[in-house]
Amino acid sequence: DAGITQSPRYKITETGRQVTLMCHQTWSHSYMFWYRQDLGHGLRLIYYSAAADITDKGEVPDGYVVSRSKTENFPLTLESATRSQTSVYFCASSGQRNTEAFFGQGTRLTVV
Amino acid sequence: AQTVTQSQPEMSVQEAETVTLSCTYDTSESDYYLFWYKQPPSRQMILVIRQEAYKQQNATENRFSVNFQKAAKSFSLKISDSQLGDAAMYFCAAMGYNFNKFYFGSGTKLNVKP
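Here the structure is a predicted model, which is why all the values come from computation and not from measurement. (Residues numbered from 1 in each chain as written. Chains lettered and ligands numbered in written order. Predicted model: local features only at pLDDT ≥ 70, side-chain atom pairs only at ≥ 80, totals over all residues. Heavy atoms only, no water.)

S.K.: Is there a simple way to think about the environment of tryptophan 27 of chain A in this case?
M.R.: Residue and element names in this part refer to chain A. By the element assignment, tryptophan 27 lies in the loop between strand E3 (19-25) and strand E4 (31-38). Between the alpha carbons of tryptophan 27 and threonine 107 there is a distance of 20 Å; along the sequence they are 80 residues apart. Residue contacts for tryptophan 27: discarding those within four places in its chain leaves Gly3, Ile4, Ser93 and Phe102. (Helix = DSSP H or I, 4+ residues; strand = E, 2+ residues; numbered from the N terminus. Contact = heavy atoms within 4.5 Å.)

S.K.: Help me out: how do you make sense of unusual backbone geometry in this one?
M.R.: Note on backbone geometry: most residues besides glycine have negative phi, and most peptide bonds are trans. A cis amide bond links serine 7 of chain A to the next residue, proline 8 of chain A, at an omega of -5°. The residue proline 8 of chain A is located in the loop between strand E1 (4-7) and strand E2 (10-13) in this model. Phi is positive for serine 28 of chain A, close to 60°, though the residue is something other than glycine. Its identity as a non-glycine residue notwithstanding, lysine 73 of chain B has a phi of 55°, on the positive side. Considering the arrangement of structural elements, one finds lysine 73 of chain B in the loop between strand E8 (64-69) and strand E9 (74-79).

S.K.: Looking at this structure, how should I read the state of the cysteines?
M.R.: Covalent bonding between the sulfur atoms of two cysteines is what defines a disulfide. Evaluation of the coordinates by the stated rule reveals two disulfides over all chains. Here cysteine 23 of chain A is linked by a disulfide to cysteine 91 of chain A, with a sulfur-sulfur distance of 1.8 Å. Judged by the sign of its S-S torsion, about -75°, the cystine formed by cysteine 23 of chain A and cysteine 91 of chain A is left-handed. Here the residue cysteine 23 of chain A occupies a position in strand E3, and cysteine 91 of chain A occupies one in strand E9 (residues 87-94), the gap between them amounting to 68 residues. Of the residues examined, cysteine 91 of chain A reaches a relative accessible area of 0% and is grouped as buried. Here cysteine 23 of chain B connects covalently by a disulfide to cysteine 92 of chain B, the sulfurs 2.0 Å from one another. Where cysteine 23 of chain B bonds to cysteine 92 of chain B through sulfur, the torsion about that S-S bond is close to -70°, and the disulfide is left-handed. Of this pair, cysteine 23 of chain B sits in the loop between strand E3 (19-21) and strand E4 (24-27) while cysteine 92 of chain B sits in strand E10 (residues 88-96); the two residues are 69 residues apart in sequence, bridging distant segments of the chain. The burial state of cysteine 23 of chain B is the same as that of cysteine 92 of chain B; both residues are buried. (Disulfide = S-S within 2.5 Å. Buried < 20%, exposed > 50% of the residue type's maximum accessible area, 1.4 Å probe, protein only.)

Now the structure itself:
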């Protein structure tokens, strides 16, 4: 189906483990984003990408790594998960510059 | 860089009444775009309304309208004839023309009372 999908929807992992959250969009949008949502903080930008092989840090990039070898995929990796990274993660994409962002369903990540 | 501030963590409105959610922002860019997103309990982010900063006319989408005060850097959302389905978290967002990064406020939880 067309759209933007995240996987998994829910994930529990242990402290220190590496975990990758997947994001796939079918619109060929140039811009893609990763946000984390925490109570009282709204959505905070982790990383964004303007095109394949072009990524840049957002507000809270520490502890995260991204890559974008293909336009449609934008995985987010937590190299060594910490409890403070327990959050809901949203992937989003947008097409032309300054159009709205379309969001995935979110991934609830719990680090124990 | 941009910052977006929503000073009302939670608000309540009676069904069929009108409510206004506040948002202020700060940006160093001369041109930018502003958005209101709705997040119901399903967690899905839904665009409610969009405003281009260079337009003086306030955007309107059915029961939703904005009051955009550029000099004051204020962007409030007015919901008329509130419905039970309007109950959700509402996020204000700003995006600079040159960088295409969306920055969000901390959100306002809207309760609608029957």
